[in-house]
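These are the residues of each chain, in order.
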Amino acid sequence: MIVIENGTVLTVDDAGQVWFGGHVVLDGDRIAAVGPGPYQGPVRAGDTVIDAAGMVVMPGLIDLHFHTAVGKGYCDHLPLCESLEQFWYPSIRALDAETAYWAAAASYAESIKNGVTTVNDMYRRLPDLGRAAADIGIRAVLSNDVALDEHRLDTLQDNQDAHDAVHGAGDGRIEVRVGIEWLPLASPELLRDARALADDLGTGIHVHLNESLTEVENSKERFGQRPTEVAYEAGLLGPDCVAAHCVWLSGTEIAMMRETGTHIAHCPSSNAKLGNGVARVPEMQAAGINVGLGHDAAESTNNCDLFEVMKFASLIHRAARVDAGLQQAPDVIRMATRNGAAALGHRTGQLTAGYKADVILVDTRNVMFTPLIPGNADQLYSHLVFAANGSAVDTTIVDGRILMRGRQLLTMDEPEILRQANAGLTRVLSRIGS
Ligand SMILES: [Zn+2]
């Protein structure tokens, strides 16, 4: 058991309960108890007791749209299509097993250090990603970058093979879904086949939809319909489907998302950096669509810090609509935790007995959280979203296993990850002639 005491427990449960000086008890891979005051149950020899005085104890963050990154800092001035063609697609065509493993390890390490306990990772070479996820201990939902054959990315057969090889690995922490890159590299037939495969495997779907105006124009030219209309008619959408970005949704497309129960991964910092625009999140939420948060990829937003994404997820809408009341801090925390969990069908994203033991400790004994009035929950939510960044995360626990404590990664050798990730990028650059 792990007994966490004396912390400020931000449960993000149905009642939004906050316990000052509360406890959280983890037994195996589950949360056994959450409540106010010290833990009154038995503590046995061999149990780990964590004194969380000065810390916020909260659910781990869920990065609902994620790509392992092999490089960043390239094509940083280019729009989406051009940056994909000039760097991202060549780089992911040039991956080998070792490069994919260390790129995933580096990406997951950065996420763990920023308090992320689950990633929804669309990338290639899933068996290598699965090994990295199992070794480092993060919860990972993996999907392939499936596109039409002529684009030389992944096929549905690759995705099925990856499902057979990896789904359920890491004591069930690793899942495989069917991934579709995006409409410019797909066809209605490919979307229908992807849905059939997902149903056949009993798994979910991960897709990019309506990310840029160029994508929408491409879809209208090739199919006579907007991307989400094509996905809707192909049967791709549904409560097991996470659609990323969704910046340029028409009213009809928002209704299609709602009708099908599709979940949306909002990626405001990526959308801003690539000049893609501002998603209609207030309209999505008013329609009753479940919206979580994603960083997208380090190639498009340059870090995996979901605290930064949370701040963007509020500020970008306030700026665009001249409305300081939009996207308030507790709502944004819910997007980054329980909404992401709901989108993936996971029993995570809140501190409730019986849920998975995915917990983080955020240290408030620093300038980011100062001044802080004891017992003021509103101020705490505000600091978490508007003042903090991921470097405030002290401890990250997944499935009851401590992956980071005191900012030290415990499951893998961090300097080795950095060395190998740098070597991997060098190999990729030499292959693509950059
Ligand atoms: Zn993406």
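Just so it is clear, the model here is predicted, and its values are computed rather than measured.

Criteria and cut-off values
Here the residue index of a chain counts from 1 through its sequence in written order. Where local features are concerned, this predicted model is filtered to residues with pLDDT of at least 70; where side-chain atom pairs are given and counted, the filter is 80 or more; whole-chain, interface and lining totals use all residues. The side-chain quantities take in all heavy atoms of the structure and omit both hydrogens and water. Remark: exposure states derive from per-residue accessible area (1.4 Å probe, protein chains only) relative to the maximum for the residue type, with buried under 20%, exposed over 50%, and partly exposed in between. Numbered from the N terminus, helices here are DSSP runs of H or I no shorter than four residues, and strands are runs of E no shorter than two. Think of it this way: DSSP has to see at least two bridges between two strands before they count as a pair. Put simply, a nonpolar core is a bunch of buried Ala, Val, Leu, Ile, Met, Phe, Trp, Tyr and Cys residues held in one set by side-chain atoms that sit within 4.5 Å of each other. The contact criterion used throughout is that any non-hydrogen atoms of two residues lie within 4.5 Å. For helices, the axis comes from a line fit to the C-alpha atoms of the stretch in contact; other axes are also lines fit to C-alpha atoms, and the angle between any two N-to-C directions lies between 0 and 180 degrees. Between 65 and 115 degrees an angle is taken as roughly perpendicular, under 35 as roughly parallel, over 145 as roughly antiparallel, and anywhere else as oblique. Gly is placed with the polar residues, together with every amino acid not listed as nonpolar (Ala, Val, Leu, Ile, Met, Phe, Trp, Tyr, Cys and Pro) or charged (Asp, Glu, Lys and Arg).

A. Structural context of the pairing of strand β15 (residues 359-363). Counting buried positions over the five residues of β15 gives five, a clear majority of the element. Side chains V359, L361 and D363 project from β15 onto one buried face, and the interleaved I360 and V362 project onto a second face that is buried too. Inspection of the sheet shows strand β5 (residues 55-59) paired to β15 by five bridges, in the antiparallel sense. In the strand pairing of β15, V57 is matched with L361. For β15 and strand β16 (residues 393-398), the ladder comprises four bridges, and the chain directions are antiparallel. Bridging from a neighbouring strand, L361 pairs with T395 of β16.

B. Broad picture of the nonpolar core. Counting residues in hydrophobic clusters, the biggest one holds 108 residues, and the most contacted among them are Y108 and V362. If one sorts the elements of this core by residue count, helix α2 (residues 97-113) sits on top with nine residues. Non-local contacts of V362, meaning those with residues more than four positions away in its chain, are made with G54, M55, V56, M58, F307, F369, L384, A392, V393 and D394. V9, L26, A52 and Y355 belong to the second largest nonpolar core, which has 17 residues in total.

C. A look at the packing of helix α1 (residues 80-93) against helix α15 (residues 414-432). Where α1 meets α15, the closest approach of the two axes is 9 Å, and the angle between their N-to-C directions is 110°. In terms of orientation, α1 lies roughly perpendicular with respect to α15. Across the interface between the two elements, F87, P90 and S91 of α1 pack against L425, V428, L429 and I432 of α15. Residue composition of the contact of α1 with α15, grouped by class: six nonpolar, one polar and no charged.

Coordinates in, geometry out; function isn't part of it.
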